[in-house]
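# Remarks on the overall topology
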Amino acid sequence: MTSISDLEKISANREGFNLRARAHMQSSYYDVERFKQGHNMLRKLEQEELGDVRGRSLLELQCHIGVNSLSLARMGAQVTGTDISDEAIDIARELAEELDLDASFVQANLYDLPKVLDGQFDMVFTGYGTLSFLPDINGWAEVAARYVKPGGTLTVVEIHPMLTLFSDVGGELRVTRSLFQSRDVHHEMSKSYADRIADEVEVETHSLYGWRWSVDEVVNALIGVGLTIERIREVPYDARQRLPLMVPDGDHNWRIPGDPIPLSFSCTARRR
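Small disclaimer: the values here were computed from a predicted structure and weren't measured.

### Some remarks on the packing of helix α1 (residues 6-23) against helix α5 (residues 86-99)
If you want to describe how two helices pack, look at the angle between their axes and the distance between the axes. Where α1 meets α5, the closest approach of the two axes is 7 Å, and the angle between their N-to-C directions is 35 degrees. On α5, the residues that touch Arg14, Asn18, Ala21 and Arg22 of α1 are Asp86, Glu87, Ala88, Asp90, Ile91 and Glu94. A per-class count over the contact of α1 with α5 returns three nonpolar, one polar and six charged.

### Let's talk about the packing of helix α6 (residues 137-146) against helix α7 (residues 215-224)
The N-to-C vectors of α6 and α7 enclose an angle of 45 degrees; their axes lie 9 Å apart at closest approach. Comparing the axis directions of α6 and α7 gives the class oblique. You can see that α6 and α7 cross each other, and the crossing is right-handed. Across the interface between the two elements, Ile137, Asn138, Trp140 and Ala141 of α6 pack against Glu217, Val218, Ala221 and Leu222 of α7.

### What to know about the packing of aromatic side chains
According to the stated counting rule, one finds three aromatic pairs in the structure shown. Between Phe17 and Phe133, the ring centres sit 5.0 Å apart and the planes meet at 90 degrees, which makes this aromatic pair edge-to-face. Taken as a pair, Phe17 in helix α1 and Phe133 in the loop between β4 (121-126) and α6 lie far apart in primary sequence, 116 residues in all. Ring centres of Tyr29 and Tyr30 lie 5.1 Å apart, and the angle between their planes is 80 degrees; on these two criteria the pair is classed as edge-to-face. An identical accessibility class is assigned to Tyr29 and Tyr30; each is buried. Geometry around Tyr29 places Arg43 over its ring, the cationic atom sitting 4.6 Å from the centre. Directly above the aromatic system of Tyr147 lies the positively charged group of Arg146, at a separation of 5.8 Å from the ring centroid.

### Describing the pairing of strand β3 (residues 103-107)
Inspection of the sheet shows strand β2 (residues 78-83) paired to β3 by five bridges, in the parallel sense. Opposite Val79, over in β3, you have Ala103 as the bridge partner. With α5 bridging β2 and its parallel neighbour β3, the resulting β-α-β unit is right-handed.

### Section: the sheet that holds β3
By way of backbone hydrogen bonds, the strands of a sheet pair with one another, either parallel or antiparallel. The seven strands are arranged β3-β2-β1-β4-β5-β13-β10 in an open sheet whose pairing can be described as mixed. The sheet is open, and its two edges are formed by β3 and β10 (228-235), each paired on a single side. Between one strand and the next, the sheet's axes are offset by a mean angle of 15 degrees, whatever the strand orientation. Its contacts with the sheet put α5 on β2 and β3, and the angle it makes with β3 is roughly 165 degrees.

### Focus on the pattern of salt bridges
Under the criterion given, the structure shown has 22 salt bridges. With a shortest N-O distance of 2.6 Å, Asp86 and Arg14 are connected by a salt bridge. Of the two residues, Asp86 sits in helix α5 while Arg14 sits in helix α1, which places them 72 residues apart along the sequence. Between Arg56 and Asp122 there is a salt bridge, and its shortest N-O distance comes to 3.9 Å.

### Considerations on the side chain of Asn109
Along the chain, the position of Asn109 falls in the loop between β3 and β4. Among the polar contacts listed, one links the side chain of Asn109 to the backbone nitrogen of Tyr111, at a separation of 3.0 Å. Ignoring sequence-local partners within four residues, the contact set of Asn109 consists of Leu7, Ile10 and Ile84.

### Re unusual backbone geometry
Backbone geometry at Gln62 places phi at a positive 55 degrees, although glycine is not the residue there. Inspection of the secondary structure assignment puts Gln62 in the loop between β1 (57-60) and α4 (67-74). Despite not being glycine, His64 shows a phi value in the positive range, around 55 degrees. Checked against the element boundaries, His64 lands in the loop between β1 and α4.

### Side note on the nonpolar core
If you look at the biggest cluster of nonpolar residues, it comprises 47 residues, and the most contacted ones within it are Ile65, Leu70, Leu72 and Phe105. When residues of this core are traced back to their parent elements, those giving at least two are α2 (32-36), α3 (44-50), α4, α5, β3, β4 and β5 (148-159). Per-element accounting of this core gives the leading share, six residues, to α5. Ranked by size, the runner-up nonpolar core spans 33 residues in total, among them Leu59, Leu61, Leu134 and Leu227.

### Looking at the confidence of the model for the chain
Of all residues in the chain, 94% have pLDDT values of 70 or greater, and the mean over the chain is 92. Residue range residues 195-199 is modelled with pLDDT below 50. Its contacts to residues more than four positions away, or to other chains, number 12 contacts.

The rules behind each value
Residues numbered from 1 in each chain as written. Predicted model: local features only at pLDDT ≥ 70, side-chain atom pairs only at ≥ 80, totals over all residues. Heavy atoms only, no water. Axes fitted to C-alpha atoms, helices over the stretch in contact; angles between N-to-C directions. Helix = DSSP H or I, 4+ residues; strand = E, 2+ residues; numbered from the N terminus. Contact = heavy atoms within 4.5 Å. Nonpolar A, V, L, I, M, F, W, Y, C, P; charged D, E, K, R; others polar. Parallel < 35°, antiparallel > 145°, perpendicular 65-115°, else oblique. Left-handed = near helix turned anticlockwise from the far one by under 90°. Phe/Tyr/Trp six-rings, centres within 6.5 Å; stacked < 30°, edge-to-face > 60°. Buried < 20%, exposed > 50% of the residue type's maximum accessible area, 1.4 Å probe, protein only. Lys NZ or Arg CZ within 6 Å of the ring centre and 35° of its normal. Pairing = 2+ DSSP bridges. Right-handed = clockwise from strand over helix to strand, strands pointing away. Salt bridge = Lys/Arg side-chain N within 4 Å of Asp/Glu carboxyl O. Polar contact = N/O pair within 3.5 Å; in protein donor to acceptor, adjacent residues only side chain to side chain. Core = buried A, V, L, I, M, F, W, Y, C linked by side-chain atoms within 4.5 Å. pLDDT = per-residue confidence, 0-100.

In structure tokens:
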């Protein structure tokens, strides 16, 4: 059987996210109607790590339908969002126009972004569920770092890779895979991640390809492109219910009872 190239996998992911984008307009995870009413869509860890963005130029990588980017614009940032999905970028632009928010959006494969976007920013940001769709973590770091101004920061908030190794087996947490083996992931999907497990959004069946990256690979990629690591955090909560045994914590996050493992991590790096 002939394997497909990373470029073909990225193209398949683009088509998958085009299918998901319109469906996500009705999902509780993105909660677009609540967002339109003024709700800040950034999750707790994202808000804590980004801090005060007023007056700062900010680039969000892999912004999907733009609700985080537009929330940052409401917070006073001068925002540019980018994503591989044409449909997602169209939605982001429609929302910006409808809500009269000053943000711009660029459609591109992340690795091709330097071909279509110039300039540097005070802050570069990527949020939950983005790095796992990238086949080259060092290439990602090169692209991300080139957009950080001297003195500026790059902030990553992500699903902790440890969570991806566990399954819920009869209400118990069991290790069912390895971070160091079978690192490429392929799924045929007919549902989207955008809601809790019982209420996932249905979409046309499509392929999704992913790659599992460890925390040290992400951090070392940033060090390798000359950024200085300022802070790393691991927390026992996540932005959505990824396993049936996860429960809401009353603060718009989900936890595993007893907080046995980290579910999210963040990293802030600076260009000196």
